[in-house]
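# Summary of the model geometry
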There are 2 protein chains.
Amino acid sequence: MFDSATLRLERANANEREADFVLKETQMIDTRIIRILADIVGKENVSTEKADRLCYSYDATQQKFLPDVVVHPQTAAEISLIMKMANAERIPVFPRGAGSGFTGGSLPTRGGIVLATERMNQIIEIDTENLVATVEPGVVTEQFQQAVEKVDLFYPPDPASLKFSTLGGNVAECAGGPRCVKYGVTKDFIIGLEIVTPQGDIITTGGPTMKGVVGYDLTKLICGSEGTLAIITRIIIKLLPLPEAKQTMLVLFDSIDGAAQAVSNIIGHRIIPATLEFMDGRTLDCVRQATDLQVPEAAQAVLIIEVDGDKEFLAKQAQKIADIIQPLGVVETRIARTAAESEALWQIRRSVSASLRKVNPDKFNEDICVPRSKVPEMIRKVDAISEKYGISIVNFGHAGDGNIHVNVMIDKKVAGEAEKAEKAIEEVFKGALELGGTMSGEHGVGIAKAPYIPLEITEKAADYMKAIKKALDPNNILNPGKIFLDQ
Amino acid sequence: MFDSATLRLERANANEREADFVLKETQMIDTRIIRILADIVGKENVSTEKADRLCYSYDATQQKFLPDVVVHPQTAAEISLIMKMANAERIPVFPRGAGSGFTGGSLPTRGGIVLATERMNQIIEIDTENLVATVEPGVVTEQFQQAVEKVDLFYPPDPASLKFSTLGGNVAECAGGPRCVKYGVTKDFIIGLEIVTPQGDIITTGGPTMKGVVGYDLTKLICGSEGTLAIITRIIIKLLPLPEAKQTMLVLFDSIDGAAQAVSNIIGHRIIPATLEFMDGRTLDCVRQATDLQVPEAAQAVLIIEVDGDKEFLAKQAQKIADIIQPLGVVETRIARTAAESEALWQIRRSVSASLRKVNPDKFNEDICVPRSKVPEMIRKVDAISEKYGISIVNFGHAGDGNIHVNVMIDKKVAGEAEKAEKAIEEVFKGALELGGTMSGEHGVGIAKAPYIPLEITEKAADYMKAIKKALDPNNILNPGKIFLDQ
């Protein structure tokens with residue numbers, strides 16, 4: 001069985017860079033199965049070549065699990081046949097978008113079949129009368145956003161991976177992003193789906209209407225279910241009118257407390273900006289070390305605040321925000337007047353991931369979320385944990401909705417560092433939960449957080465979730481071992 | 001068994017006004033059970049008096065089913081015990097808010113226990129820092145709205161029943177209302193729940209954070225599940241800042257096509273008003289007959305359009321809307337300058353239900369929803385159905401999100417009218433589905449639409465929904481026979 005202890009062991013093995021693969025090849029698939037798959041999707045869309053399988057063995061967690069075979073279906077009908085065969089033969093199937101997830105949701109942890117959705121990449125319709133789009137799961141998020149913006153429409157969810165992540169993956173993980181503070185997460189925009197169930201049935205959920213209350217809401221259940229309940233083959237998306245304009249401001253604070261208080265005060269004044277991003281002092285240190293961007297030494301925290309909407313209203317709102325935060329230790333305020341200036345202000349934020357990697361190649365990137373007003377307290381907790389374990393922890397993220405990316409920086413080559421990091425992370429999770437928060441605001445559980453599930457979800461609640469999984473996937477064929485290690 | 005045919009028979013019986021009750025008393029509950037219930041909630045909170053049971057026997061469908069006993073618990077712990085007992089004894093439990101539903105969701109169709117939530121009526125917290133409230137299920141919707149508006153916050157969902165309906169009922173049915181076109185439905189504001197499962201476990205789902213992706217989203221699954229999956233004992237609600245101002249306009253059109261086109265054009269111009277309500281010519285006829293409100297004879301349709309937000313922006317947006325709709329056969333435009341004037345404009349809309357009842361006491365009130373642009377086509381379909389069956393059908397509702405209240409007007413005393421109405425309704429449902437719509441935008445299925453479920457939900461999809469019900473409620477104790485007649 002694939003339990004928590006096994007996972008830790010495998011993760012430790014994965015960390016040995018010399019090791020080519022974590023799991024030995026399972027070889028559960030013989031040529032008969034390959035032939036069936038080729039019959040379903042065409043020979044050219046099935047691969048057992050090691051080089052191909054390698055490409056589908058990892059995600060952003062940098063863990064690797066080699067699948068036996070990779071298939072590239074193009075239709076729900078093909079996927080239906082694959083699932084029926086997989087059920088009959090008891091072969092696990094791992095659906096995969098772009099493999100950009102941070103928790104291992106798409107990793108083929110038990111070998112078997114990787115079901116890749118790249119060929120299902122059509123924007124089927126953008127209905128400008130009803131502000132609704134229909135897409136296939138393999139459409140890349142940014143390409144979709146650009147397509148709808150061309151017709152003055154707007155799809156807000158903007159995960160950092162949007163240049164390569166797919167909408168199918170976004171739905172499966174319920175992706176977030178900076179703009180979610182005002183507009184909501186992926187789930188809030190998904191109004192209907194076509195799915196293939198683990199047993200191979202093609203069903204539709206929801207539809208293109210703005211309201212609908214007939215039967216249980218399978219649409220929202222599938223959103224964020226991490227590919228464990230169904231394979232998404234079509235997505236119906238609610239769009240918004242594109243805001244007329246936006247205004248970006250970058251504010252440097254002399255303390256993290258000042259920045260965190262600013263967030264609380266802005267929201268407390270009944271203003272919800274389109275984005276409200278923060279970076280702490282350690283993040284700024286990394287940026288200073290790794291780039292030549294201008295970040296004054298006095299700055300110990302940064303907020304990037306963006307407001308959008310009607311042009312005249314924006315100026316008024318931006319001024320109100322400036323007034324609210326002025327007393328909180330502002331070192332400098334930069335306001336963008338043009339799109340180019342706005343882009344320049346975002347450079348600091350966009351440089352963070354690369355800067356962190358440059359300064360410190362090994363890190364665990366967590367994404368706790370707490371009630372917004374608890375961000376200062378959470379940062380203090382993280383600082384204490386950092387001190388206790390003697391590990392640098394760097395915080396940045398979506399302060400507006402309390403979603404903090406906690407980056408635990410280690411050197412995996414130093415013996416004991418990874419273990420210390422794991423303990424620190426567990427304390428971070430516990431800290432977030434004590435404040436009424438959650439272990440994950442947008443990355444999901446996958447395998448990375450699965451060992452910690454009992455911290456957040458009671459055994460009873462987990463039992464009901466597992467009962468739902470069992471009802472939909474009695475043979476545990478679809479993305480097994482994700483979210484709950486024991487399923 | 002309680003199947004579709006039984007239901008129709010019972011409904012027909014219910015329509016005979018002389019009949020006191022539809023079902024004979026089931027007497028499944030003996031004094032031993034009553035004693036256990038009294039032990040759990042206190043003697044004073046259990047009633048088997050016929051007068052009390054009568055009060056809990058009906059809802060807005062005007063159908064009546066007598067429960068054996070009514071209990072009034074105050075805590076989740078009490079409800080947990082009730083459910084455990086009910087499971088052991090196989091007694092059905094029917095949770096009930098204010099009983100204002102239009103589809104029979106709260107009707108005790110199989111006798112047993114009515115579990116009334118009136119005593120769980122506390123607003124536990126309004127967190128003005130995080131824009132989040134926590135309430136008990138028995139809080140009346142309007143009272144909650146007023147409480148949050150006092151601190152400049154905003155809870156948009158506004159079902160017509162808001163003066164008496166409860167938040168628990170709103171969540172169970174996923175209530176809508178005029179403001180949902182801009183702000184979304186009840187579900188979009190519910191971020192966490194405490195529930196008692198059919199088996200008596202108390203679990204929490206979601207929480208007070210703006211994001212959270214750990215485990216399956218039971219919160220959204222419970223929303224709109226019509227009291228069949230869990231009893232809601234606590235609700236965590238996301239709030240918005242209260243808009244600074246609003247502006248109401250009432251526009252009279254010389255044709256329904258003009259009004260419907262206006263809706264399409266407004267949305268097509270990337271404007272989503274806070275409300276976009278319409279009434280057709282027959283509705284206006286009823287209003288003229290039943291009230292002394294000024295509605296010019298030339299008016300064949302009315303739109304009430306409300307925009308909200310920043311004061312200066314409103315005037316600009318209202319002007320843009322006026323420009324867009326001017327060429328579409330506008331008879332008259334009335335613009336409210338004050339709150340009192342706004343209230344006056346709403347009078348026509350608010351008088352509709354009473355006017356309809358006065359003109360024609362018997363009606364079936366359906367609430368189909370189609371893609372917004374299909375509203376004109378749908379109205380034409382309804383007109384054709386009305387003509388075919390020689391029955392007056394009156395349409396009004398939330399045009400902005402395509403949610404049309406189709407009121408089939410009959411005289412139940414005339415033999416054959418009810419049957420004709422049922423056939424007409426089935427055709428209306430089919431018409432909506434042909435246009436990519438749904439049978440219900442906000443009222444739910446309950447028992448009223450349960451016979452029509454196969455029109456909208458395929459057998460396979462229904463099987464998955466029933467599998468979820470079975471997983472959570474293996475003994476089919478909680479609100480049995482709702483949504484799916486055969487469960």
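This one's a predicted model, so the numbers in the text were calculated from it and none came from an experiment. (Residues numbered from 1 in each chain as written. Chains lettered and ligands numbered in written order. Predicted model: local features only at pLDDT ≥ 70, side-chain atom pairs only at ≥ 80, totals over all residues. Heavy atoms only, no water.)

## As for the confidence of the model for chain A
Residues and elements named next belong to chain A.
- Residues with a pLDDT of 70 or more make up 94% of chain A, whose mean pLDDT is 92.
- pLDDT under 50 marks residues 1-25. Its contacts with residues more than four places away, or in other chains, come to 40 contacts.
- Our summary of model confidence lists the complex with pTM equal to 0.94 and ipTM equal to 0.93. (pLDDT = per-residue confidence, 0-100. Contact = heavy atoms within 4.5 Å.)

## Remarks on the packing of aromatic side chains
- Tallying each qualifying case throughout the model produces ten aromatic pairs over all chains.
- When the centroid spacing of 5.3 Å and the interplanar angle of 70 degrees are considered together, the rings of Phe144 of chain A and Tyr155 of chain A count as edge-to-face. Highlighted residues: Phe144 of chain A in helix α5 (residues 141-149) and Tyr155 of chain A in the loop between β7 (153-154) and α6 (167-173), separated in sequence by eleven residues.
- With a centroid separation of 5.1 Å and an interplanar angle of 85 degrees, the aromatic rings of Phe154 of chain B and Tyr183 of chain B are classed as edge-to-face. Remark: Tyr183 of chain B occurs in helix α7 (residues 180-183) and Phe154 of chain B occurs in strand β7 (residues 153-154); sequence separation between them is 29 residues.
- Above the plane of the ring of Phe364 of chain A lies Lys412 of chain A, whose end atom (NZ or CZ) is 5.8 Å from the centre. (Phe/Tyr/Trp six-rings, centres within 6.5 Å; stacked < 30°, edge-to-face > 60°. Helix = DSSP H or I, 4+ residues; strand = E, 2+ residues; numbered from the N terminus. Lys NZ or Arg CZ within 6 Å of the ring centre and 35° of its normal.)

## Concerning helix α4 (residues 76-89) of chain A
All names here are of chain A.
- Compared with an ideal rise of 1.5 Å per residue, which puts 14 residues at 20 Å, α4 spans 20 Å between its outermost C-alpha atoms and is within 8% of the ideal.
- Residues Ala76, Glu78, Ile79, Ser80, Ile82, Met83, Met85, Ala86 and Asn87 constitute the buried set of α4.
- Just beyond α4, the residue with positive phi is Arg90, at close to 55 degrees. (Expected span 1.5 Å × (residues − 1). Buried < 20%, exposed > 50% of the residue type's maximum accessible area, 1.4 Å probe, protein only.)

## Notes on helix α13 (residues 352-359) of chain A
Residues and elements named next belong to chain A.
- For α13, the complete set of buried residues consists of Val352, Ser355 and Leu356. Seen from one end, α13 has its buried residues packed into an arc of 100 degrees, which puts them on one side.
- Against the buried residues of α13 lie β13 (275-280), α10 (281-290), α12 (339-350), β16 (362-369), β17 (392-398) and β18 (403-410). (Arc of directions from axis to C-beta.)

## Quick look at the sheet that holds strand β10 (residues 231-238) of chain A
All names here are of chain A.
- Taken in spatial order, the five strands of this open sheet run β5-β6-β10-β8-β9, and their pairing is antiparallel. Each end of this open sheet is capped by a strand with a single partner; those strands are β5 (123-127) and β9 (202-206). Direction aside, the axes of adjacent strands within the sheet are offset by 10 degrees on average.
- Of the pairings in the sheet, the one linking β5 to strand β6 (residues 132-135) comprises four bridges and is antiparallel in character. Counted as the bridge partner of Ile123 is Val135 from β6.
- Along the sheet, α4 contacts β8 (190-196), β9 and β10; its crossing angle with β8, the most-contacted strand, is approximately 50 degrees.
- Strands β5, β6 and β10 of the sheet are contacted by α5, whose axis makes an angle of about 35 degrees with β5. (Pairing = 2+ DSSP bridges. Axes fitted to C-alpha atoms, helices over the stretch in contact; angles between N-to-C directions.)

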